[in-house]
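# Breakdown of the fold
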Amino acid sequence: MSKTILSPQEIREGWRLLFDGCTLNGWTTRLPEHSWSVNDDGTLLCRPGKGQYLYTEESFSDFVLSIDFRIDPGVNSGVFLRLSDMDDPINTALEIQILDSFGEEQTKKDSCGAIYDLVAPRVQACKPAGEWNNMLLTCDGPQVSVVLNEEPVAEMNLDLWTNPGKNPDGTANKYTYAWKDVPRRGRIMLQDYGSNKGLLWFRNIKLKGL
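In short, a report on the structure. Small disclaimer: the values here were computed from a predicted structure and weren't measured.

### Description of the environment of Asp 140
Here Asp 140 shows up in strand E9 (residues 133-140). Not counting the four nearest positions on each side in its chain, Asp 140 is found in contact with Asp 62, Arg 82 and Leu 210.

### Some words on unusual backbone geometry
Of note in this structure, Asn 149 is not a glycine but carries a positive phi near 50°. Secondary-structure assignment places Asn 149 in the loop between strand E10 (143-148) and strand E11 (151-157). In the Ramachandran plot, Asn 204 falls in the positive-phi region, its phi being about 50° despite a non-glycine side chain. On the secondary structure map, Asn 204 appears in strand E13 (residues 200-209).

### Considering the packing of aromatic side chains
Under the criterion given, the structure shown has five aromatic pairs. Arranged with centres 6.2 Å apart and planes meeting at 65°, the rings of Phe 60 and Phe 63 form a pair that is edge-to-face. Like Phe 60, the residue Phe 63 is buried in the burial classification. Judged by centre distance (5.2 Å) and plane angle (75°), the rings of Tyr 175 and Trp 179 are edge-to-face. Of the two residues examined, Tyr 175 and Trp 179, each falls in the buried class. Here a set of aromatic residues connected by ring pairs shows up, and it is made of Tyr 53, Tyr 55 and Phe 80. The ring of Trp 201 is capped by Arg 70, whose NZ or CZ atom sits 4.0 Å from the centre of that ring. When the ring centre of Trp 15 is taken as origin, the NZ or CZ atom of Lys 206, which lies over that ring, is 6.0 Å away.

### Comments concerning the pairing of E9
Bridging between strand E6 (residues 63-71) and E9 involves seven bridges; their strand directions are antiparallel. Bridging across to E9, Val 64 finds its partner in Thr 138. With six bridges connecting them, E9 and E10 associate as antiparallel partners. Bridged to Cys 139 within E10 is Val 144. Adjacent in sequence and paired antiparallel, E9 and E10 are bridged by two residues, among which Gly 141 carries a positive phi angle near 60°.

What counts as what
- Residues numbered from 1 in each chain as written.
- Predicted model: local features only at pLDDT ≥ 70, side-chain atom pairs only at ≥ 80, totals over all residues.
- Heavy atoms only, no water.
- Helix = DSSP H or I, 4+ residues; strand = E, 2+ residues; numbered from the N terminus.
- Contact = heavy atoms within 4.5 Å.
- Phe/Tyr/Trp six-rings, centres within 6.5 Å; stacked < 30°, edge-to-face > 60°.
- Buried < 20%, exposed > 50% of the residue type's maximum accessible area, 1.4 Å probe, protein only.
- Lys NZ or Arg CZ within 6 Å of the ring centre and 35° of its normal.
- Pairing = 2+ DSSP bridges.

Limitation: the analysis is restricted to geometry and does not speak to function.
What follows is the structure in structure tokens.
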């Protein structure tokens, strides 16, 4: 089993590993049977399952999260930030979309790198299915930003989302609460979408507190 390690510089900068490359220590699911496993190459693998989320046991507030992902063609997933209610993950965690959207001529609020249903990526930055991507996700008070493969693609100020189900530009979103009122501390969650026909891999999951 390939153990994930931090470089001396990353340690000096305050990074910490959330996934050790060998075990699921620090992570949990709601049911004993799930779709997640650790490969011998140190990657975290999600096989198509019943829609089981994988959560950190610890909660975080302000941080930078770096995570690599690779998907099969057609796979849909997401990284959820600041999950505050385990019984209502959709409405109490910001979803950063993972999707096989390489080659899109126009990005949408469900394209890869979107803050789902809230902010579309300004450019299409995801790589073709089968290649590794990196996301750098920052939560700093009300400010949330997404960098995909070193390209800044989305950002939002939560304080501007003052109405449930509505974005600042007047367009609708699916959320029950106004995002300015949602707690800003919670777990990090990885999504098994359930209906996927392909595989999803993660690696190098690390976090730096702000």
